[in-house]
Amino acid sequence: AYEIGVRLVGSEMCIRDRVLRRPGTYERLYATGERLMQGLTERLAEHRIEATVVGLPPWFDAVFARGPIENYRDVLPGSAETERFNALLLERGVLKGKTRYAVSTAHTEQDVADTLDAWSSALAALSAESSASLIHAGAIDRSNRRNTI
């Protein structure tokens, strides 16, 4: 069993290596991530939800917080808004864990379009649910978070 597992892992690594070495692979990966980051930023603004999209195009997230990101604690997952947003996305067929979005070379234009649609719908629902809550216009107090990196 061990030998078979080693062979399977080795084969998978060879396939990944061949895919990643194809010309334009990283450019497409970054372009897909950039489209998604821009789309999420636009949809957050459209629904007047205070959040900042952070990270690199292949691996990013939205941080629901008012003001600039000042330290590592400001981007830690687990806020009520993040958890609710993730639950709304799951209802719409987008599985996202507590950490960042991971963009893959396997994502298609249809995947991007479906994700953008799901974000629009989930953010509309989140905005409607929380029109008077913490994520709107200056209600989050981060004064208890100081640089402790």
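What you see is a predicted model; the values in this text were computed from it and never measured.

A. Spatial organisation of the environment of V53. Examined against the element boundaries, V53 turns out to sit in strand 1 (residues 52–56). Distance in space between the C-alpha atoms of V53 and F64 is 8.8 Å, their sequence separation being 11 residues.

B. Local environment of the packing of helix 3 (residues 80–91) against helix 4 (residues 109–129). Orientation of helix 3 relative to helix 4, taken along the N-to-C sense of each, is 130 degrees, at an axis distance of 9 Å. Taken together, the axis directions place helix 3 and helix 4 in an arrangement best described as oblique. Considering how the two elements wind past one another, helix 3 and helix 4 form a crossing that is right-handed. Residues R84, F85, L88 and L89 of helix 3 form the contact with helix 4, whose own contacting residues are A118, W119, A122, L123, A125, L126 and E129. Residue composition of the contact of helix 3 with helix 4, grouped by class: 9 nonpolar, no polar and 2 charged.

C. Looking closely at the packing of aromatic side chains. Enumeration according to the criterion identifies 4 aromatic pairs in this entry. Between F60 and W119, the aromatic rings sit 6.4 Å apart at their centres with planes inclined by 75 degrees, giving edge-to-face as the arrangement. Highlighted residues: F60 in strand 2 (residues 59–63) and W119 in helix 4, separated in sequence by 59 residues. A ring pair is formed by Y101 and W119, whose centres lie 5.3 Å apart and whose planes are at 80 degrees; its orientation type is edge-to-face. Residue Y101 is located in strand 3 (residues 101–102), and its partner W119 is located in helix 4; the two are separated by 18 residues in the primary sequence. Note on accessibility: Y101 and W119 belong to one class, buried. Among the aromatic side chains, those forming a connected cluster through ring pairs are F60, Y101 and W119. Positioned above the aromatic ring of Y101 is the side chain of K96, whose terminal nitrogen or guanidinium carbon lies 5.1 Å from the ring centre. Directly above the ring of W59 sits R100, whose terminal nitrogen or CZ lies 5.0 Å from the centroid.

D. How the structure looks around the nonpolar core. Ranked by internal contacts, the top residues of the largest apolar core, which has 24 residues, are L40, L44, F60, F85, L89 and W119. Of all the secondary structure elements, the ones that give two or more residues to this core are helix 2 (25–46), strand 2, helix 3 and helix 4. Looking at this core element by element, the count peaks at 8 residues for helix 4. Among residues more than four places away in sequence, those in contact with L40 are V53, F60, A62, F85, Y101, W119 and L123.

E. Seen up close, the layout of surface pockets. When its volume is computed, the second largest pocket comes out at roughly 270 Å³. In terms of lining residues, the second largest pocket is bounded by 14 residues, among which V94, Y101, A102, H107 and T115 are the most central. Those elements that provide at least two residues to the lining of the second largest pocket are strand 3 and helix 4. At 4 residues, helix 4 tops the list of elements feeding residues into the lining of the second largest pocket. In terms of residue class, the lining of the second largest pocket is built from 7 nonpolar, 3 polar and 4 charged.

Reading guide: rules and limits
Residues numbered from 1 in each chain as written. Predicted model: local features only at pLDDT ≥ 70, side-chain atom pairs only at ≥ 80, totals over all residues. Heavy atoms only, no water. Helix = DSSP H or I, 4+ residues; strand = E, 2+ residues; numbered from the N terminus. Axes fitted to C-alpha atoms, helices over the stretch in contact; angles between N-to-C directions. Parallel < 35°, antiparallel > 145°, perpendicular 65-115°, else oblique. Left-handed = near helix turned anticlockwise from the far one by under 90°. Contact = heavy atoms within 4.5 Å. Nonpolar A, V, L, I, M, F, W, Y, C, P; charged D, E, K, R; others polar. Phe/Tyr/Trp six-rings, centres within 6.5 Å; stacked < 30°, edge-to-face > 60°. Buried < 20%, exposed > 50% of the residue type's maximum accessible area, 1.4 Å probe, protein only. Lys NZ or Arg CZ within 6 Å of the ring centre and 35° of its normal. Core = buried A, V, L, I, M, F, W, Y, C linked by side-chain atoms within 4.5 Å. 1 Å grid on protein atoms, 1.4 Å probe; cavity = no way out; pocket = protein on both sides within 12 Å on 5 of 7 lines; lining within 4 Å. Points joined across faces, edges and corners; volume = space filled by probe spheres on them.

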